[in-house]
Amino acid sequence: MADNKSFIMPAHVGIIMDGNGRWAKKRGMPRPVGHTHGAQNFRTITRYISKQGVKILTLYAFSTENWKRPPEEVGALMKLFKQYLVEALTDFREDDIRLRFIGDRSAFDPQLRALIDETEELSASREGMVLNLAMNYGGRDELLRAVKLLCKEVQEGKADIDRLTQQDIQRCLYTAGEPDPDLIIRTGGEFRLSNFMLYQAAYSEFVSTEVLWPDFKPEDFDRAVEEFNRRSRRFGGV
Ligand code: IPE
Ligand code: IPE
Ligand code: MG
């Protein structure tokens with residue numbers, strides 16, 4: 001990787017892990033096989049990224065719209081989440097990675113919900129990279145939740161409607177207290193957010209790669225960071 005002084009490692013990286021289904025299809029295999037390979041790659045890539053000095057990594061694993069998929073595929077994904085949460089917990093201990101979950105966990109079955117709570121609790125004291133796993137996450141759902149929280153505060157007299165600020169919205173998001181993503185990478189070749197971090201992505205640099213998620217390698221991450229370093233971020237200024 002480039003070693004010039006101005007090289008910047010983004011503090012917060014988001015990844016839209018797309019392309020598992022196509023990866024399997026290309027090999028004449030059922031879509032869930034692609035998810036299994038994608039889940040394996042999730043561990044490898046997370047550990048690599050944590051070693052690069054990234055402070056927060058947000059991975060989009062399941063959207064609020066992904067329930068539309070055939071029940072067999074949704075079922076296979078839920079099974080994988082359970083399996084990999086257990087494995088990731090041990091795996092990520094060495095790397096001091098702290099796991100957090102963003103999204104509406106109330107829709108998951110009790111076993112998965114318990115696993116999510118347990119994983120968060122067990123890793124809460126870790127001081128390395130924060131890994132936000134976006135599961136049953138949708139940017140619109142997150143904004144609706146924030147609106148409801150703020151309305152409630154107003155209703156209860158805890159907030160003044162005329163004094164609400166963007167900071168109030170920020171503290172009601174799942175990512176409260178975290179900086180916005182600097183870089184969002186999407187694998188699988190599409191150029192869209194698919195409901196990922198709609199509020200937080202306002203000034204994120206977006207990098208799309210044709211590489212399908214199960215094939216995404218540490219070198220592909222390095223390439224995305226190099227691309228990020230070629231961008232000129234102006235945040236509306238000059
Ligand atoms: C991304 O891969 C994983 C999830 C959305 C859970 P896809 O399953 O969307 O794979 P493609 O886009 O159909 O290839
Ligand atoms: C986005 O991928 C969601 C995740 C990667 C979890 P999708 O495959 O669901 O997005 P679309 O349907 O191509 O927009
Ligand atoms: Mg997809």
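Scroll up for the structure.
To keep things clear, this report deals only with the structure shown in the data block. Predicted model only: the values in this text are computed from it and were never measured.

1. So, the site of ligand 1
Item 1. Residues in close proximity to ligand 1 total 13 residues, the closest being Asp18, Gly21, Arg22, Arg31 and Arg69.
Item 2. At 3.3 Å, a backbone N or O of Gly19 approaches an oxygen atom of ligand 1.
Item 3. Judged by its atoms lying within 2 Å of the grid points, ligand 1 is housed in the largest pocket.
Item 4. Counting only elements with at least two residues in the shell around ligand 1, the list comes to α1 (20-26), α2 (31-50) and α3 (71-91).
Item 5. Of the residues forming the shell around ligand 1, the biggest block, three residues, is contributed by α1.

2. Thoughts on the site of ligand 2
Item 1. Ile16, Met17, Asp18, Tyr60, Ala61, Phe62, Asn66, Arg69, Arg186, Arg192 and Ser194 make up every residue found near ligand 2.
Item 2. At 3.2 Å, a side-chain N or O of Arg69 approaches an oxygen atom of ligand 2.
Item 3. Within the side chain of Arg186, an N or O atom sits 3.4 Å from an oxygen atom of ligand 2.
Item 4. Here ligand 2 has 390 Å² of accessible area as a free molecule, and 78% of this is covered by the chains.

3. Overview of the sheet that holds strand β1 (residues 12-16)
Item 1. Within the open sheet, the six strands sit side by side as β3-β4-β2-β1-β5-β6. Their pairing is parallel. Unpaired on one side and paired on the other, β3 (98-102) and β6 (205-208) mark the two borders of the sheet. Pairs of neighbouring strands in the sheet enclose a mean axial angle of 20°, with direction left out of account.
Item 2. Its contacts with the sheet put helix α4 (residues 110-123) on β3 and β4 (130-137), and the angle it makes with β3 is roughly 140°.

4. A look at the packing of α3 against α4
Item 1. Where α3 contacts α4, the two axes come as close as 10 Å, and the packing angle between them is 20°. One way to sum up the angle between α3 and α4 is to call them roughly parallel. The handedness of the crossing between α3 and α4 is left-handed. Contacts between α3 and α4 pair Met78, Phe81, Lys82, Leu85, Val86 and Leu89 from the former with Gln111, Leu112, Leu115, Ile116, Thr119 and Leu122 from the latter.
Item 2. Counted by class, the contact of α3 with α4 contains nine nonpolar, two polar and one charged residues.

5. Describing the state of the cysteines
Item 1. Across all of its chains, the model carries zero disulfides by this definition.
Item 2. The closest cysteine sulfur to the non-disulfide-bonded Cys151 is located on Cys172, 10 Å from its own sulfur.
Item 3. Judged by relative accessible area, Cys172 falls into the buried class, the value being 4%.

6. Quick notes on α3
Residues that lie three or four places apart on an α-helix share one face, since the helix turns once every 3.6 residues.
Item 1. For α3, built from 21 residues, the straight-helix expectation of 30 Å at 1.5 Å per residue is met to within 8% by its first-to-last C-alpha distance of 29 Å.
Item 2. When α3 is considered as a whole, its buried residues turn out to be Glu73, Val74, Leu77, Met78, Leu80, Phe81, Lys82, Tyr84, Leu85, Ala88, Leu89 and Asp91.
Item 3. Buried positions along α3 lie against α2, β2 (56-63), β3, α4 and β4.

7. Quick notes on the nonpolar core
Item 1. Counting residues in hydrophobic clusters, the biggest one holds 38 residues, and the most contacted among them are Ile15 and Leu131.
Item 2. With seven residues, α3 is the largest single contributor of residues to this core.
Item 3. Apart from the residues within four sequence positions on either side, Leu131 is in contact with Phe42, Thr46, Leu57, Leu59, Phe92, Ile97, Arg98, Leu99 and Arg100.
Item 4. With 10 residues, the next largest nonpolar core counts Tyr60, Tyr137, Tyr174 and Phe196 among its residues.

8. Thoughts on the pattern of salt bridges
Item 1. Per the stated rule, a full pass over the model turns up 26 salt bridges.
Item 2. Among the salt bridges present, the one from Arg47 reaches Glu94, with a minimum N-O distance of 3.2 Å. Remark: Glu94 occurs in the loop between α3 and β3 and Arg47 occurs in helix α2; sequence separation between them is 47 residues.
Item 3. For Glu94, a relative accessible area of 68% gives the class exposed.

9. A short note on α2
Item 1. Counted at 1.5 Å a residue, the expected span for α2 with its 20 residues is 28 Å, and the 29 Å between its end C-alpha atoms agrees.
Item 2. Every buried residue of α2 is accounted for by Gly34, His35, Gly38, Ala39, Asn41, Phe42, Ile45, Thr46, Ile49 and Ser50.
Item 3. Buried residues in α2 make contact with β1, α1, β2, α3, β4 and α7 (218-230).

10. Quick look at the pairing of β1
Item 1. The buried fraction of β1 amounts to five of the five residues, a majority that puts the element mostly inside the structure.
Item 2. The alternating pattern of β1 places His12, Gly14 and Ile16 on one face and Val13 and Ile15 on the opposite face, and all of these are buried.
Item 3. For β1 and β2, the ladder comprises five bridges, and the chain directions are parallel. For Val13, the partnering residue across the bridge sits in β2 and is Leu57.
Item 4. Where β1 lies against strand β5 (residues 183-186), four bridges are found, and the strand directions are parallel. The residue of β5 that forms the bridge with Val13 is Leu183.

Procedures and definitions
Residues numbered from 1 in each chain as written. Chains lettered and ligands numbered in written order. Predicted model: local features only at pLDDT ≥ 70, side-chain atom pairs only at ≥ 80, totals over all residues. Heavy atoms only, no water. Near = heavy atom within 4 Å. Polar contact = N/O pair within 3.5 Å; in protein donor to acceptor, adjacent residues only side chain to side chain. 1 Å grid on protein atoms, 1.4 Å probe; cavity = no way out; pocket = protein on both sides within 12 Å on 5 of 7 lines; lining within 4 Å. Sits in = over half its atoms within 2 Å of the grid points. Helix = DSSP H or I, 4+ residues; strand = E, 2+ residues; numbered from the N terminus. Areas by Shrake-Rupley, 256 points an atom, 1.4 Å probe, with all protein chains shown as cover. Pairing = 2+ DSSP bridges. Axes fitted to C-alpha atoms, helices over the stretch in contact; angles between N-to-C directions. Contact = heavy atoms within 4.5 Å. Parallel < 35°, antiparallel > 145°, perpendicular 65-115°, else oblique. Left-handed = near helix turned anticlockwise from the far one by under 90°. Nonpolar A, V, L, I, M, F, W, Y, C, P; charged D, E, K, R; others polar. Disulfide = S-S within 2.5 Å. Buried < 20%, exposed > 50% of the residue type's maximum accessible area, 1.4 Å probe, protein only. Expected span 1.5 Å × (residues − 1). Core = buried A, V, L, I, M, F, W, Y, C linked by side-chain atoms within 4.5 Å. Salt bridge = Lys/Arg side-chain N within 4 Å of Asp/Glu carboxyl O.

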